[in-house]
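This is what each chain is made of:
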Amino acid sequence: MTCQGKNPRPDEAPAAEMEFMRHALRLARIALERGDTPVGSVLVFEGHIVGEGIEAVRADNDFTAHAEVKAVQDASRSLNTWDLTGCTLLTTVEPCFMCSYVIRSARVSRVIIGRATPHIGGYSSNYPILTALNIPGWSQSPAVVTGVLEEECSALFQ
């Protein structure tokens, strides 16, 4: 897979990654039950979950408490490093601009997205922070796969 220009089909995601996305869906349901936007994220390194995040903007009264940010923070603590090269982030909803900045800064290698958010998404919007190549000093952009368990991820918003 390449980092840009090719968006692998959702059915190219390995079975283990499908299970990790199902775990992210369980986390998203917890967020929904708490009254937050239904987003769940997990960070995986060498086949093991090293970080997870549940959207908690309302629960924590904190605009930065997005699931992706919480997963990156959790993984950084777990691995004792801010450099998450080699990690894969699986998230039920496309990361927003803020989360995309965090993902790029943490050097996450791969991002698997369930549901797109083209108006504020860091991949599919007019501002593709997640994959932009023209930002000086930034690490290589992550490989991105979209549409994994898209129906299940989208159903949480109905």
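Structural data are supplied above this passage.
Just so we're clear, the structure is a prediction, and the values are computed from it rather than from any experiment.

Caption draft 1: Looking closely at the overall build of the protein. What the protein contains, in helices and strands, is 5 helices and 5 strands. The secondary structure elements of the protein, listed N-terminal to C-terminal, are α-β-β-α-α-β-α-β-β-α. Relative to the globule expectation of 15 Å for 158 residues, the C-alpha radius of gyration of the protein, 14 Å, shows essentially globular dimensions. A buried classification covers 49% of the 158 residues belonging to the protein.

Caption draft 2: Local environment of the packing of helix 3 (residues 67-79) against helix 4 (residues 97-105). The contact between helix 3 and helix 4 brings their axes to 9 Å, and the two run at 20°. The orientation of helix 3 with respect to helix 4, classified from their angle, is roughly parallel. Taken as a pair, helix 3 and helix 4 cross one another with a handedness that is left-handed. Here Glu68, Val69 and Val72 of helix 3 come into contact with helix 4, specifically with Met98, Cys99, Val102 and Ile103. Classifying every residue of the contact of helix 3 with helix 4 by side-chain character gives 6 nonpolar, no polar and 1 charged.

Caption draft 3: Broad picture of the sheet that holds strand 1 (residues 40-45). If you trace the 5 strands from one edge of the open sheet to the other, you get 2-1-3-4-5, paired in mixed fashion. Looking at strand neighbours, the two that pair on one side only are strand 2 (48-54) and strand 5 (143-145), the edges of this open sheet. Looking at each pair of strands side by side, their axes are set apart by 15° on average, direction ignored. In terms of strand pairing, strand 3 (residues 88-93) meets strand 4 (residues 110-115) through 5 bridges, oriented parallel.

What counts as what
- Residues numbered from 1 in each chain as written.
- Predicted model: local features only at pLDDT ≥ 70, side-chain atom pairs only at ≥ 80, totals over all residues.
- Heavy atoms only, no water.
- Helix = DSSP H or I, 4+ residues; strand = E, 2+ residues; numbered from the N terminus.
- Rg over C-alpha atoms; globule rule 2.2 N^0.38 Å.
- Buried < 20%, exposed > 50% of the residue type's maximum accessible area, 1.4 Å probe, protein only.
- Axes fitted to C-alpha atoms, helices over the stretch in contact; angles between N-to-C directions.
- Parallel < 35°, antiparallel > 145°, perpendicular 65-115°, else oblique.
- Left-handed = near helix turned anticlockwise from the far one by under 90°.
- Contact = heavy atoms within 4.5 Å.
- Nonpolar A, V, L, I, M, F, W, Y, C, P; charged D, E, K, R; others polar.
- Pairing = 2+ DSSP bridges.

Note that every value here comes from positions in space, so none of it alone points to a role or purpose.
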